[in-house]
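Below are the chains, spelled out letter by letter.
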Amino acid sequence: MNSSNERGTIKVEVQKYQYENSIDVTLKNLHFDIKKGEFVGLMGRTGAGKTTTLMLLNGLIPNFFEGNFDGTVISNSMNTQRYRVQTLSRFVGLVMQDPETQIFGITVEKDVAFGPSNLAIEKSRISEIINESLNVVGLNGYKNRISTELSGGEKQRLTIAGVLAMEPEILVLDEPTSELDPEGRREIYKLLKILVKEKNVTVIISGHDSEEMLEFTDRIIVLDKGTIVWNGIPQSLFNDKELAEKYGIMPTGNNSNDLEQINRINEEKLNAEGTLKEKKIMIEARNLSFEYENGRKALKDINLKIFEKEFVSLIGKNGAGKTTFSKQINGLLKPKSGTILINGVDIKNNSTAELSKEIGYVFQNPDHQIFSATVYDEVEYGLKNLKLTEDEREERVKNALEFVGLSNQNKRHPFTLGKGERQKLAVASILAMKPKILVIDEPTTGQDWDGTKRMMELMKKLNSEGTTLITITHNLKLALEYSDRIIKFSDGKVESDFSNIKAI
Amino acid sequence: MLIEYYPQGSFIHRLDVRTKTLGFFVFTTASFCFENPLINLLILILLWFMLSTMNSPMSKVYGIIKSLLPIFIIMLVITGFTYPASKFTNEENRKILFYLLPDYGLPMTTGGLYYGLTLVLRIFVMVLASSIITFSTSIEDILQFLKKVKMPHQMAFVIATGIRFIPTMQAKSEMIREAQMARGAEFDKGGIVKKIKSYIPVLIPMIVDSLRMSDNLAIAMLNRGFGSMKTTTNLTEIEMKSIDYIISVITLTILAIVLYAKSKNIGAL
């Protein structure tokens with residue numbers, strides 16, 4: 001019996017796939033099988049073809065994205081070219097990256113019910129399915145919650161519940177953890193492992209989470225330039241550091257992730273502080289508290305000094321207060337009580353626009369700021385707001401683009417750049433304003449290992465040239481490797497604050 | 001309007017959406033049948049009483065009425081001056097209060113003033129009656145109702161999804177505004193042209209993002225089996241209970257009385 005005729009299995013035989021209007025071939029000579037009940041990780045650089053490969057599995061390619069397709073894909077014993085995506089969706093569930101565009105219901109319950117009601121399943125059965133699916137993802141008791149009011153992690157779990165409610169035999173997830181903190185990330189992998197073990201669901205997940213991939217998956221497939229370059233058990237991939245590095249995968253290990261070790265470093269903090277005292281204070285928070293309109297106390301009595309030329313990493317769970325604190329620095333949010341001083345001056349009466357001369361802020365998603373038709377114009381926008389002369393603007397744009405390595409791209413349309421390059425453009429557009437303090441919110445989110453390293457090096461270079469740098473990150477390993485000081489937020493307070501001896 | 005649902009367990013909340021729609025129709029019809037402001041005031045008081053039993057946010061209603069105030073004043077003045085005495089059957093209403101211009105130019109009649117008052121009250125009635133429905137009826141119920149009157153399933157889906165995305169888009173626009181403010185953008189400053197121009201850096205990322213989102217939404221719909229079956233399961237079924245029938249009969253009786261009174265010229269000016 002041919003194994004591809006079994007339910008819950010996948011057989012991919014693709015010679016070539018090229019998107020419509022694309023110059024490059026996205027997939028070539030892609031051949032792999034997946035067994036029923038297997039937990040497979042799909043890794044590789046951004047642009048290696050991971051999302052494209054996953055969209056083969058439920059027929060989105062070639063049924064929705066037609067393009068130039070040569071090959072066969074058998075999912076759950078069904079040839080994907082012979083079925084509609086809607087029909088396949090019942091057997092092959094696909095969870096995509098952005099949870100926001102996968103939630104249809106106004107309430108959690110309505111959203112989970114969306115899939116099964118499209119399949120015209122009996123009403124009484126649907127309410128059972130809702131309970132089961134929410135239970136699996138750990139959202140029991142959330143039924144009547146408004147879906148837009150959920151946190152990032154909860155939304156992510158809701159999208160998984162929504163697909164589980166279709167009771168698929170194969171579950172495919174495209175980077176479902178990129179927006180989550182380490183704890184939330186682990187939760188997702190744990191939950192998937194349970195599905196594999198208890199329900200014998202076949203799971204294929206893509207992502208950059210080396211640690212979790214090593215711990216939870218049965219097998220890893222690595223893609224590079226649209227083809228499989230490695231296929232085997234996770235241990236053999238991650239044991240070979242050079243191999244992982246070669247495919248642009250973050251190596252695991254040197255468990256600096258554990259906070260115990262950091263606390264030991266903390267002991268030595270006193271020595272380090274002696275040198276810090278002589279430095280100039282750039283940012284000072286005095287009894288700073290903040291509360292959102294809905295009454296959530298996001299910052300509680302923060303006292304903090306950040307010194308000139310420091311490279312500070314703010315860490316902590318989602319909702320711990322890192323971003324809320326950062327937004328106080330450039331006046332996007334104003335303290336409820338207490339003060340924040342920049343260079344010794346209370347900024348309570350300064351607008352964000354005024355502060356932008358001194359304080360740069362790079363947001364997480366570059367697409368929330370890019371609006372110009374060329375890379376050059378994009379960088380120039382902030383300088384026009386500063387009312388600089390044309391010569392001065394030209395000089396600064398040139399330097400900023402050179403600094404981030406985009407100088408030969410200045411006539412390009414920003415949206416033709418890759419995600420990593422758009423992130424750099426966002427940084428350049430702030431750098432050109434020559435801020436003394438620079439805040440970068442999660443610069444490595446959703447980036448592959450190469451992009452992450454480049455971004456961190458860029459920040460290091462900026463810092464060594466005299467910019468006081470503050471970054472918000474979930475990646476403790478990177479924080480330890482690059483920054484001078486790590487401040488951990490927890491529940492609106494500074495939980496720990498220590499100098500990083502290694503970097504000093 | 002549709003998203004202003006305030007779930008409270010009041011009597012009106014429990015009524016079927018069809019009963020409420022019938023009520024809306026009857027009260028507004030009544031208001032349009034009578035020209036006498038006193039009768040309209042009576043209808044208004046009745047609606048106000050209903051609204052106050054619902055535990056609803058009256059400040060919202062006040063807000064709407066406040067924004068309409070200038071229109072009310074203009075209506076009163078215009079109708080007061082433009083309705084000549086000959087329009088009215090009742091002697092009382094033919095009385096001319098004063099002339100705006102010398103030589104008997106532009107008379108202000110009592111009837112005109114009354115009629116203006118009625119027009120104002122009719123708007124009040126519409127605001128209150130529609131608030132009663134929107135405050136007490138969930139979107140699902142309204143969509144169910146629209147399906148019952150044979151609106152295609154796809155259309156209902158588009159409306160529901162649109163409503164679901166309002167808060168999402170608000171949050172996006174706020175994030176984009178913040179990102180541009182951090183680059184020195186200033187909004188709401190200078191003249192009208194400058195103001196509009198200052199919003200371009202917010203608008204363009206919004207549009208680009210919406211396009212990307214709509215693509216992803218289409219994919220996500222397929223992933224959830226949208227359109228795989230000829231029919232879908234209706235999760236909430238609206239249902240007329242006996243109380244709904246009783247209320248409906250009462251409202252229809254009121255309608256009959258109103259129409260009878262109208263035919264006897266009661267409530268005319």
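This one's a predicted model, so the numbers in the text were calculated from it and none came from an experiment.

Before we move on, could you go through the overall build of chain B and cite the residues and values that matter?
A tally of regular secondary structure across chain B gives ten helices and two strands. For 269 residues, the compact-globule estimate of 2.2 N^0.38 gives 18 Å, and the C-alpha radius of gyration of chain B, at 25 Å, exceeds that figure by more than 25%. In terms of overall dimensions, chain B has a C-alpha envelope of 70 × 60 × 30 Å along the principal axes. Residues classed as buried in chain B amount to 28% of the 269 residues present. Counting only contacts in chain B whose residues sit at least 6 apart along the sequence, the fraction spanning at least 24 positions is 77%.

Tell me about the interface of chain A and chain B, and please be specific about residues and values.
At the junction of the two partners, chain A supplies 51 residues and chain B supplies 40 residues. At the level of secondary structure, the elements contributing two or more residues to the side of chain A that touches chain B comprise helix 3 (85-88), helix 4 (108-118), helix 5 (123-136), helix 6 (152-164), helix 14 (352-355), helix 15 (375-385) and helix 17 (419-431) of chain A. The dominant element in the side of chain A that touches chain B, judged by the number of residues it contributes, is helix 4 of chain A, at five residues. Residues belonging to the side of chain A that touches chain B are distributed by class as follows: 25 nonpolar, 20 polar and six charged.

Explain the sheet that holds strand 6 (residues 92-95) of chain A to me, using residue names and the numbers behind them.
Residues and elements named next belong to chain A. The six strands are arranged 6-7-8-3-9-10 in an open sheet whose pairing can be described as mixed. What marks the edges here is a single partner per strand, and that holds for strand 6 and strand 10 (227-232). This sheet shows a mean twist of 15° between the axes of neighbouring strands, independent of strand direction. In this fold helix 6 packs onto strand 6 and strand 7 (170-174), with an angle of close to 165° to the strand it touches most, strand 6.

Quick rundown of the sheet that holds strand 13 (residues 311-315) of chain A? Include the residues and the values.
Residue and element names in this part refer to chain A. Taken in spatial order, the six strands line up as 16-17-18-13-19-20 in an open sheet, and their pairing is mixed. Looking along the sheet, the strands with just one partner apiece sit at the ends: strand 16 (359-362) and strand 20 (493-499). The average angle at which neighbouring strand axes cross in this sheet is 15°, direction not considered. Bridge count between strand 19 (residues 485-490) and strand 20: six bridges; the pairing is antiparallel. From the neighbouring strand, Ile-487 faces strand 20, where its bridge partner is Asp-497. Sheet contacts for helix 13 (residues 322-329): strand 13, strand 16, strand 17 (437-441), strand 18 (468-472) and strand 19; angle to strand 17, the most-contacted strand, approximately 150°. The strands touched by helix 18 (residues 449-464) within the sheet are strand 13, strand 17 and strand 18, with strand 18 carrying the most contacts at an inclination of about 155°.

I'd like a rundown of the domain arrangement of chain B, residues and numbers included.
If you check the domain split of chain B, you get domain 1 (11-137 + 239-263) and domain 2 (145-223). Its C-alpha centre places domain 1 of chain B at a distance of 36 Å from the equivalent point of domain 2 of chain B.

Explain the pairing of strand 7 of chain A residue by residue, including any values.
All names here are of chain A. Taking burial as the measure, the five residues of strand 7 include five buried ones, the bulk of the element. Side chains of strand 7 alternate between two faces, with Ile-170, Val-172 and Asp-174 and Leu-171 and Leu-173 buried alike. Here strand 7 pairs with strand 8 (residues 202-206) via five bridges, running parallel. The residue of strand 8 that forms the bridge with Asp-174 is Ser-206.

Can you break down helix 6 (residues 139-148) of chain B residue by residue, with the values?
Residues and elements named next belong to chain B. Residues of helix 6 that are buried: Glu-140, Ile-142, Leu-143 and Gln-144. Elements that come into contact with the buried residues of helix 6 comprise helix 2 (17-33) and helix 7 (153-181). Positive backbone phi, at 70°, marks Lys-150, one or two positions downstream of helix 6.

So what's going on with the environment of Asn223(B)? Which residues, and what values?
Secondary-structure assignment places Asn223(B) in helix 9 (residues 200-223). C-beta crowding within 10 Å serves as the criterion here: with 28 such atoms nearby, Asn223(B) is assigned to the buried category. Other than its neighbours up to four places away in sequence, Asn223(B) contacts Asn58(A), Ser89(A), Leu94(A) and Val163(A).

Cut-offs applied
- Residues numbered from 1 in each chain as written.
- Chains lettered and ligands numbered in written order.
- Predicted model: local features only at pLDDT ≥ 70, side-chain atom pairs only at ≥ 80, totals over all residues.
- Helix = DSSP H or I, 4+ residues; strand = E, 2+ residues; numbered from the N terminus.
- Rg over C-alpha atoms; globule rule 2.2 N^0.38 Å.
- Buried ≥ 20, exposed ≤ 12 C-beta atoms within 10 Å, placed from the backbone.
- Contact = placed C-beta atoms within 7 Å.
- Nonpolar A, V, L, I, M, F, W, Y, C, P; charged D, E, K, R; others polar.
- Pairing = 2+ DSSP bridges.
- Axes fitted to C-alpha atoms, helices over the stretch in contact; angles between N-to-C directions.
- Domains from an automatic or database assignment.

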